[in-house]
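Report on the structure
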Amino acid sequence: MATMAAMRGGRHWVGALIIISFSSLLHQAVNGFLLSPRQSVCHKITIVRAKNKSQVDDASSPSPCHLSRRSAIAIGATAALAPLSLSLSTPLLYPANAMTTELSTPIMSQQKESTPTPTPNDPKPTTSIPNWTLRGKGGVEFPMLALNTAGMSMEETCQSIEFARKEGMTHIDFHPGQERDGVAKYLSKHKDERGLLFLNTKIRMAPRGTSPKDAANLARDQIDEDLSILNVKNVDMLMLRDSPDPKVIQSQWAVMEEALAEGKTRSIGVINYCPSALKSVLQTARVLPAVNYIMVHVGMGDDVHGLRAAGENVAGIRTFAYGQTGEPYPTTEIMNNPILQRIGKAHGKSTEEVALRWVLQNGMAASIRPSSSFGRCVGEECRLGIAKQACCFDWTLTEKEMVKLDAMESPDDNPTLFSSAGCPGAFGSPAWALGRVR
């Protein structure tokens, strides 16, 4: 018996080592994917929670204080960014991307004949998608619900926008490459709609080892290339990916500020920034990021490992969320969760809709996958998935339901999963693989 136990223990260790080795190769592959044009990825601080469709309120009820993995990360995040709270009192060039909590009504879309005609039983949103109003020049309106085209082909991206526009959605969250080309195709067919859409795209991650100067040039060239292909004078938001090199982050952020000043974008933000990456950008920023685009889902806590409070309380950086049902594919622990299923049944909603509503009701904006077939937009599944999620502001979770969902500690996850190797636990890294083994 002792011998068999030892053998089993040995197999576990060998298995873990194999997974770690494999994950290192996977990490390199993922980095290559992110660099390509086809890339997709013991104190509770008070945060803002939207209690209903048109109001916001403070959620001040504390959660039990225990040094879990989440608590440790929260403490680390706060400690890492705390020194910046003093330096940020220095006047900025202008606070273009700090945030207010105002909600306003977006311009609603005109229905297009080219989109499929819905059946009588289709859900139709009755409440307009609210906006955040970004401070700064022009008071940019940021729609709180976005279409996430990650991984789609040009044709599928264009089709998904057709579906989204039919439901009154205006915020398009896309990557450079095929997705951008799909947006360009849509714009070429609907030339009168540029003023109705909020175009939100991302700067490609600089290859590891790129000098700060070359990284800045890469960002500058991409911005000009994207605007040319889209055939527009500007986009509404540019989001910057992180780098293991703080100097690269800072040089590229300077290019973002330059693009903002030149009118090539109306606002700027960051994507998958962990505390150390946020610290790097804030050390030299003249214009603060409007948002940090990170993964958020039930089980991660409403403070998202302290990262949300660190950004919002230190620099007014609001949380824009993806991955309401997990990433890089839907998580069965969310899709089949009995708590979400019971709540969904009480409201006549799916688990996906409950997961999305939890994010929004906690005061975050959200970018939605059209369906559980990530990276695809095919027929009725895509159209109906967008239609259902577009109704997310027509109903609310009760306070008891929110408390129950806030208290969930599983499935836990890394909010900056698709960051560079400069942030811990990035997708494909040994730390990520070990987390999966456990």
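What you are looking at is a predicted structure, and each value in this text was computed from that prediction instead of being measured. (Residues numbered from 1 in each chain as written. Predicted model: local features only at pLDDT ≥ 70, side-chain atom pairs only at ≥ 80, totals over all residues. Heavy atoms only, no water.)

Moving on, we get to the overall build of the protein. Assigned secondary structure in the protein consists of 15 helices and 13 strands. When the 438 residues of the protein are sorted by exposure, 54% land in the buried category. Accessible area of the protein: about 18,500 Å², with a carbon and sulfur share of 58%. (Helix = DSSP H or I, 4+ residues; strand = E, 2+ residues; numbered from the N terminus. Buried < 20%, exposed > 50% of the residue type's maximum accessible area, 1.4 Å probe, protein only. Areas by Shrake-Rupley, 256 points an atom, 1.4 Å probe, with all protein chains shown as cover.)

On to the packing of aromatic side chains, then. Here the distance between the centres and the angle between the planes together describe a pair of aromatic rings. Following the criterion strictly, the structure yields six aromatic pairs and no others. Summarising the aromatic geometry, the rings of Y293 and Y322 are spaced 5.0 Å apart at their centres and angled 70° between planes, so their arrangement reads as edge-to-face. Residue Y293 is located in strand β11 (residues 291-295), and its partner Y322 is located in strand β12 (residues 318-322); the two are separated by 29 residues in the primary sequence. For the residue pair Y293 and Y322, the accessibility class agrees, reading buried in each case. (Phe/Tyr/Trp six-rings, centres within 6.5 Å; stacked < 30°, edge-to-face > 60°.)

On to the nonpolar core. One broad trend across soluble globular proteins is that nonpolar side chains are buried collectively. Grouped together as the largest cluster of nonpolar side chains are 97 residues, with contacts concentrated most on F142, L145, M169 and L405. Apart from the residues lying within four places of it in its own chain, the contact partners of L405 are V298, I339, L340, I343, V354, W358 and L397. (Core = buried A, V, L, I, M, F, W, Y, C linked by side-chain atoms within 4.5 Å. Contact = heavy atoms within 4.5 Å.)

In this section: the state of the cysteines. Summed over all chains, the structure comprises two disulfides. Disulfide pairing is shown between C274 and C423; the S-S distance is 2.0 Å. In this structure, the disulfide formed by C274 and C423 twists by about -80° around the S-S bond and is classed as left-handed. Of this pair, C274 sits in the loop between β10 (268-271) and α8 (275-284) while C423 sits in the loop between α14 (399-406) and α15 (430-437), and the two are 149 residues apart along the sequence. Like C423, C274 is buried. In this model C377 forms its disulfide with C382; the gap between the sulfur atoms is 2.0 Å. The disulfide joining C377 to C382 has a torsion of about -90° about its S-S bond and is therefore left-handed. Per residue, the accessibility class of C377 equals that of C382, and both read buried. Residue C158 stays outside any disulfide, its sulfur separated by 9.9 Å from that of C377, the closest cysteine. C391 takes part in no disulfide bond, and the closest cysteine sulfur, belonging to C392, lies 8.0 Å away. (Disulfide = S-S within 2.5 Å.)

Moving on, we come to the packing of helix α11 (residues 338-347) against helix α12 (residues 351-361). Contact pair α11 / α12: the axes reach a minimum separation of 8 Å and the direction vectors enclose 95°. Our classification of the angle between α11 and α12 gives roughly perpendicular. Only T351, V354 and A355 of α12 make contact with α11, whose side of the interface consists of L340, Q341, I343 and G344. Of the residues assigned to the contact of α11 with α12, the class counts are four nonpolar, three polar and no charged. (Axes fitted to C-alpha atoms, helices over the stretch in contact; angles between N-to-C directions. Parallel < 35°, antiparallel > 145°, perpendicular 65-115°, else oblique. Nonpolar A, V, L, I, M, F, W, Y, C, P; charged D, E, K, R; others polar.)

Turning to the confidence of the model for the protein, a few remarks are in order. Here the protein shows a mean pLDDT of 79. Residues at 70 or above account for 69%. Under a pLDDT of 50 for its full length, residues 1-69 has, in the predicted model, 116 contacts with residues more than four places off or in other chains. Low pLDDT, under 50, characterises residues 89-118; the predicted model gives this stretch 86 contacts beyond four residues in sequence or across chains. (pLDDT = per-residue confidence, 0-100.)

For helix α9 (residues 307-315), the tally of buried residues reaches seven of nine residues, placing the bulk of the element in the interior. Phi turns positive one or two residues past the end of α9, at G316, with a value near 70°.

The next subject is helix α6 (residues 212-230). Helical periodicity: at 3.6 residues per turn, an α-helix aligns residues three or four positions apart in one direction. With 19 residues, α6 should reach 27 Å at 1.5 Å per residue; the first-to-last C-alpha distance of 27 Å fits that figure. Residues of α6 that are buried in the fold lie against α5 (178-189), β8 (198-203), β9 (237-241) and α7 (246-261). Two residues or fewer after α6 comes N231, characterised by a positive phi angle close to 60°. (Expected span 1.5 Å × (residues − 1).)

Residues in a regular strand point their side chains to alternate faces of the sheet. By the alternation rule, side chains of strand β13 (residues 365-368) split into A365 and S367 and A366 and I368, which are all buried. With three bridges connecting them, strand β6 (residues 145-148) and β13 associate as parallel partners. By the bridge assignment for β13, L145 is matched with A366. Note that β12 and β13 share two bridges and pair parallel. Across the sheet, the residue bridging to A321 is A366, located in β13. (Pairing = 2+ DSSP bridges.)

This part is about the environment of V287. Inspection of the secondary structure puts V287 in the loop between α8 and β11. According to the relative accessible area criterion, V287 is buried, its value standing at 1%. Placed 27 residues apart in sequence, V287 and L260 show a C-alpha to C-alpha distance of 9.3 Å.

Now for the sheet that holds β10. Spatially, eight strands are ordered β6-β7-β8-β9-β10-β11-β12-β13 in a closed barrel, and the strand pairing comes out parallel. Adjacent strand axes in the sheet meet at a mean angle of 25°, parallel and antiparallel pairs treated alike.

Next up on the list: the pattern of salt bridges. Taken as a whole and judged by the stated rule, the model has 17 salt bridges. A salt bridge links R220 to E258; the shortest N-O distance between them is 2.9 Å. Of the two residues, R220 sits in helix α6 while E258 sits in helix α7, which places them 38 residues apart along the sequence. Classification of E258 as partly exposed rests on a relative accessible area of 28%. (Salt bridge = Lys/Arg side-chain N within 4 Å of Asp/Glu carboxyl O.)

By the secondary structure assignment, E155 is in helix α4 (residues 154-166). E155 gets classed as partly exposed once you look at its relative accessible area, which sits at 45%. C-alpha of E155 to C-alpha of Y186: the two residues are 31 residues apart in sequence and 9.3 Å apart in space. At 2.5 Å, the side chain of E155 and the side chain of K185 are in polar contact. (Polar contact = N/O pair within 3.5 Å; in protein donor to acceptor, adjacent residues only side chain to side chain.)

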